[in-house]
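Observations on chain architecture
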Amino acid sequence: MERLAETAARPLTVSAAARPLGGEIAVPGDKSISHRALMFAALARGVTRISGLLEGEDVLRTAAAMRALGADIRREGTEWVVESAGVQGFSEPSDVLDMGNSGTAARLLSGILSGLPFTCFMTGDASLRGRPMRRVTTPLSANGAVFVTRADEKLPMAIVGNGSPAPIVYRMPVASAQVKSAILLAGLNATGATRVEEPVATRDHTENMLRHFGVPVTIEADTRGGRVITLDGPARLTARDVIVPGDPSSAAFPIVAALLVPGSEIVISNVGLNALRTGLFVTLREMGADLTVVGERVEGGEPVGDLRVRAGVLRGVDVPPERAPSMIDEYPVLAVACAFAEGPSRLRGLAELRVKESDRLAATVALLTANGAAVHVEGDDMIVEGRQSGRPLGGGTVETRMDHRLAMSAIVMGLAASRPVTIDDTAFIETSFPGFVTLMNALGAGIGA
Ligand SMILES: O=C(O)C1=C[C@@H](OP(=O)(O)O)[C@@H](O)[C@H](O)C1
Ligand SMILES: C=C(OP(=O)(O)O)C(=O)O
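Residues numbered from 1 in each chain as written. Chains lettered and ligands numbered in written order. Predicted model: local features only at pLDDT ≥ 70, side-chain atom pairs only at ≥ 80, totals over all residues.

A count of helices and strands for the protein gives 12 helices and 23 strands. Relative to the globule expectation of 22 Å for 449 residues, the C-alpha radius of gyration of the protein, 21 Å, shows essentially globular dimensions. Taken over the C-alpha atoms alone, the protein extends approximately 65 × 50 × 45 Å along its principal axes. When the 449 residues of the protein are sorted by exposure, 53% land in the buried category. Counting only contacts in the protein whose residues sit at least 6 apart along the sequence, the fraction spanning at least 24 positions is 77%. (Helix = DSSP H or I, 4+ residues; strand = E, 2+ residues; numbered from the N terminus. Rg over C-alpha atoms; globule rule 2.2 N^0.38 Å. Buried ≥ 20, exposed ≤ 12 C-beta atoms within 10 Å, placed from the backbone. Contact = placed C-beta atoms within 7 Å.)

Following the UniProt record, one finds the feature "domain: Enolpyruvate transferase" (unreviewed entry) at residues 19-438. Between the C-alpha atoms that bound residues 19-438 there is a distance of 16 Å. The span itself is 29% helix and 26% strand. (UniProt positions renumbered as here; feature names shortened; annotations may be inferred.)

Close to ligand 2 lie Asp58, Ser102, Gly103, Thr104, Asp329, Lys356, Glu357, Arg405 and Ser432. The class makeup of the residues in the shell around ligand 2 is no nonpolar, 4 polar and 5 charged. Both domains that furnish three or more residues to the shell around ligand 2 are identified here as domain 1 (4-29 + 245-442) and domain 2 (31-233). (Near = placed C-beta within 6 Å. Nonpolar A, V, L, I, M, F, W, Y, C, P; charged D, E, K, R; others polar. Domains from an automatic or database assignment.)

Below, the discussion takes up the nonpolar core. Membership of the largest hydrophobic core comes to 78 residues, with the highest contact counts inside it found for Val256, Ala257, Leu259, Ala335, Ala337 and Val412. Residues within four places of Val256 in sequence aside, it is in contact with Val333, Val336, Ala337 and Val412. With 62 residues, the next largest nonpolar core counts Leu53, Ala71, Ala105 and Leu231 among its residues. (Core = buried A, V, L, I, M, F, W, Y, C linked by C-beta atoms within 7 Å.)

With that settled, consider the confidence of the model for the protein. On average, residues of the protein score 96 in pLDDT, and 98% of them are at 70 or above. At the level of individual helices and strands, the protein shows its lowest average pLDDT in strand 16 (residues 290-299), which scores 95, and its highest in helix 7 (residues 248-260), which scores 99. Scored as a whole, the predicted complex attains pTM 0.98, and scored at its interfaces, ipTM 0.99. (pLDDT = per-residue confidence, 0-100.)

What follows concerns helix 9 (residues 331-339). Most of helix 9 is tucked away, with 9 of its 9 residues classed as buried. Turning to helix 9, its buried residues are Tyr331, Pro332, Val333, Leu334, Ala335, Val336, Ala337, Cys338 and Ala339. Where helix 9 is buried, its residues contact helix 7, helix 8 (279-286), strand 19 (345-347), helix 10 (360-370), strand 21 (381-384) and helix 11 (404-416).

Our focus in this paragraph is the sheet that holds strand 10 (residues 169-171). Two strands in a sheet stick together by hydrogen bonds in their backbones, pointing the same way (parallel) or opposite ways (antiparallel). What the 4 strands build is an open sheet, ordered 10-11-13-12; its pairing is mixed. Because the sheet does not close on itself, it has two edges, and the strands there are strand 10 and strand 12 (217-221). Across this sheet, the average inter-strand angle for adjacent strands is 10°, counted without regard to direction. In this structure, strand 12 lies alongside strand 13 (residues 227-233), joined through 5 bridges in antiparallel fashion. (Pairing = 2+ DSSP bridges. Axes fitted to C-alpha atoms, helices over the stretch in contact; angles between N-to-C directions.)

What follows covers the site of ligand 1. Around ligand 1 sit Ser32, Gly103, Thr104, Ser176, Ala177, Gln178, Ser181, Arg203, Ile328, Asp329 and Glu352, and that is every residue in its neighbourhood. Secondary structure elements with two or more residues in the shell around ligand 1: helix 3 (103-114) and helix 5 (177-187). A per-element tally of the shell around ligand 1 places helix 5 first, with 3 residues. A breakdown of the residues in the shell around ligand 1 according to their chemical character gives 2 nonpolar, 6 polar and 3 charged. Counting residues domain by domain, the shell around ligand 1 receives three or more from each of domain 1 (4-29 + 245-442) and domain 2 (31-233).

Quick look at the packing of helix 1 (residues 31-43) against helix 6 (residues 205-212) now. Two numbers describe how helix 1 lies on helix 6: the axes approach to 10 Å, and their chain directions differ by 35°. When you trace helix 1 past helix 6, the crossing you get is right-handed. Of helix 6, the residues touching helix 1 (which contributes Ser32, Ile33, Arg36 and Phe40) are His205, Thr206 and Met209. (Left-handed = near helix turned anticlockwise from the far one by under 90°.)

Here we come to the sheet that holds strand 1 (residues 12-14). Read from one edge of the open sheet, 3 strands run 1-23-22, paired in mixed fashion. Looking along the sheet, the strands with just one partner apiece sit at the ends: strand 1 and strand 22 (397-398). Bridge analysis of strand 1 against strand 23 (residues 421-423) gives 3 bridges, and the strand direction is antiparallel. Among the inter-strand pairings, Leu12 is bridged to a residue of strand 23, identified as Ile423. Against the sheet, helix 11 makes contact with strand 1, strand 22 and strand 23, and its axis sits at roughly 160° relative to strand 23, the strand it touches most.

As structure tokens, this is what we get:
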């Protein structure tokens, strides 16, 4: 299997934490916001300083692509500085844009490139080359761009941009912030109103950050939880500094670990609390988790706070399908929590998990099954039986399948289970959470000790 940035596979065996987890940590910057900060800063004329940027592989791919288009991007101390002449300064990259493992980078950049007057070639690693691009190529073709793809609209592909794009009007068939964002970004260079209707609200970082960079974006909520987002083009971005909060999707792993390892009490400072990202926190509280927010405040236009987590008994939960977009990346680690809970859990409406870095529905079932938990899929729902007496958890080997979230979920399982959990490859954790094992060990996890 293809390696991440030429690193060797990193297998790991994780044994139960020998003592409760304790202490205060900060998780790395939000991945979604980091991608957008680099892209929008490159689209803007002027100098943007970004603090708290996630320095994970996925985001570094976005930085490389924006450099290839013409922006100057450099690290200065703890900040990232983007200097750009704006979209007018962009020119045709002389090589293929390799988006690595990142669906967000590939989909959002496709939107930007579709409205520019040159041709680009885009590829990714074996995982990304297996993921659907039709969800963006179909709507983006309506602006006059041409996508030349492999069979089934997969990467690699050529994007023949249209420098005078038509505005797109689109009702989204899937709940996807990546698709919504791609269409809105294509609209920046179009003349007229770009309009996206989403049946269920998805993370709104694109809308928030476009406004931050001076682009008027209108958001209307409908009565059934959907939204209509409108952007009038052409619109130019003005450089503005960005503060990236800690990633709630990354915080999910130490949170679940602390809930499951008896006696634990931890604090995670400065976590993003955008309501369209916090479905896991709602769900864990429904399970009886002792999870509280202290010092909630607004920083850089996004709500943030410090999370205090105390271990305790969890009970099974029924998660409604409309909550999925607000916790889409958190299901693997939630399923681990459910395996330790009292009573069964039903996680509904998970079709989108099939098209992530791996088929996360199948891979999560495999992770739990290999470690003694009872789990099955009915349609698009996952049913996890709770902890069963006389049935020890752990003892299995987990295949990561080029998927960072599976690797971290398996580590959490190992910390909480009575028997060790082996993971075939943890290298992909670098895509979203560099330093994960070190940070868990700072809480006393004793991984690899
Ligand atoms: O817009 C984004 O930053 C993201 C949107 C989600 O994907 P979908 O849009 O495919 O749901 C999520 O899974 C991904 O990690 C980040
Ligand atoms: C799905 C994810 O990311 P992406 O789609 O950007 O690869 C993720 O981080 O879990």
